[in-house]
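Chain residues, written in single-letter form:
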Amino acid sequence: MLIDAKQAFSNTNKDEQTDDLVYRVQQGDQAAFAQLYRQHEKPVFALCLRLLADQQHAEDVTQEVFVQLWHKISQFQGQSKFSTWLHSVTSNIAISYLRKHKNWLQKVVSFEQSGMDEQSLAMCNGLNGLDKLILRLPERARLVFVLHAVEGYRHEEIGNMLGMAVGSSKSQYHRARQLLQEWYEHE
């Protein structure tokens, strides 16, 4: 496999630019933080939306991620890529948000059981086919599927994050895959 030298350089250059921004933010540079926010807002929102399956809550959590980022940027030691660290922070904040708002979640019946309301249907119009189907998954299956298949976490890590057994994580992942395949074949 040949690698385009310009592409490899531009990726390295992008990582160096991000490292420079992170360093400047750690020094309290608000302009650098604004630039870091613009660079990472969309991927953070996309992850939040996949995990929470609700646009308003995803927007709230996205804002919370960046508030926490401003306060905790000093904890980033550069042992991994910044984007990897940010994904981990985002996942943890989104999962904590779900736990704190369990009352809201208990009031909401999964899309699988109730069908989507008008707001959810409108939100889905801008999404591609798989993302629409992911939002329909029951909460636990959706969380496990997104964390494992999309974000690349191992079942052991997911079990720790969600407070479930490894076997439960695998079972929820299998359930999500079955539902997605079934729904995909009928669309």
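Everything discussed here concerns the structure shown above.
This section reports on the structure supplied with the text. Remember, predicted model here, so these are calculated numbers, not experimental data.

Check the secondary structure of the protein chain and you find eleven helices and zero strands. Reading the protein chain from its N end, one meets helices and strands in the order α-α-α-α-α-α-α-α-α-α-α. Looking at the protein chain residue by residue over its 187 residues, the buried ones come to 38%. Of the contacts formed within the protein chain by residues at least 6 apart in sequence, a portion of 63% connects residues at least 24 apart. Carbon together with sulfur atoms contributes 48% to the accessible area of the protein chain, which is approximately 11400 Å² in total.

So, on to the side chain of Asp54. Looking at the secondary structure, you find Asp54 in the loop between α2 (30-52) and α3 (55-72). Here Asp54 sits buried without a salt bridge, and the closest side chain of opposite charge, Arg142, lies 9.2 Å off (N-O distance). A distance of 3.1 Å separates a polar atom in the side chain of Asp54 from the backbone nitrogen of Gln56. A polar contact of 2.8 Å, which involves the side chain of Asp54, links it to the backbone nitrogen of His57.

Helix packing for two helices is described by the angle between their axes and how far apart those axes are. Where helix α9 (residues 139-150) contacts helix α10 (residues 155-162), the axes come no closer than 10 Å and their chain directions differ by 135°. Classed by the angle they form, the pair α9 and α10 counts as oblique. Here α9 and α10 pass one another in a crossing that is right-handed. Between α9 and α10, the contacting residues are Arg140, Leu143, Val144, Leu147 and His148 on the first element and His155, Ile158, Met161 and Leu162 on the second. A class-by-class count of the residues in the contact of α9 with α10 yields six nonpolar, two polar and one charged.

The next point concerns unusual backbone geometry. Positive phi, normally seen in glycine, also occurs at Ala53, with a value near 60°. Topologically, Ala53 is positioned in the loop between α2 and α3. A relative accessible area of 7% places Ala53 in the buried class.

Another aspect to go through is the layout of surface pockets. If you add up the space inside the second largest pocket, you get close to 300 Å³. Lining the second largest pocket we find 14 residues, and of these Gln68, Lys72, Asn92, Ile93 and Ser96 sit closest to its centre. Those elements that place two or more of their residues in the lining of the second largest pocket are α3 and α4 (82-100). Counting residues per element, the lining of the second largest pocket draws most heavily on α4, at eight residues.

Moving on to the packing of aromatic side chains. For the structure on display, the rule yields six aromatic pairs. Seen from their ring centres, Phe76 and Phe82 are 5.5 Å apart, and the 90° between their planes marks the pair as edge-to-face. The residues Phe76 and Phe82 share a single accessibility class, namely buried. The interplanar angle of 40° and the centroid separation of 5.9 Å between the aromatic rings of Phe82 and Trp85 together place this pair among those described as tilted. Note that Phe82 and Trp85 are positioned in helix α4 at a spacing of three residues, about one turn of the helix.

Criteria and cut-off values
Residues numbered from 1 in each chain as written. Predicted model: local features only at pLDDT ≥ 70, side-chain atom pairs only at ≥ 80, totals over all residues. Heavy atoms only, no water. Helix = DSSP H or I, 4+ residues; strand = E, 2+ residues; numbered from the N terminus. Buried < 20%, exposed > 50% of the residue type's maximum accessible area, 1.4 Å probe, protein only. Contact = heavy atoms within 4.5 Å. Areas by Shrake-Rupley, 256 points an atom, 1.4 Å probe, with all protein chains shown as cover. Lys, Arg positive; Asp, Glu negative; His and termini not counted. Salt bridge = Lys/Arg side-chain N within 4 Å of Asp/Glu carboxyl O. Polar contact = N/O pair within 3.5 Å; in protein donor to acceptor, adjacent residues only side chain to side chain. Axes fitted to C-alpha atoms, helices over the stretch in contact; angles between N-to-C directions. Parallel < 35°, antiparallel > 145°, perpendicular 65-115°, else oblique. Left-handed = near helix turned anticlockwise from the far one by under 90°. Nonpolar A, V, L, I, M, F, W, Y, C, P; charged D, E, K, R; others polar. 1 Å grid on protein atoms, 1.4 Å probe; cavity = no way out; pocket = protein on both sides within 12 Å on 5 of 7 lines; lining within 4 Å. Points joined across faces, edges and corners; volume = space filled by probe spheres on them. Phe/Tyr/Trp six-rings, centres within 6.5 Å; stacked < 30°, edge-to-face > 60°.

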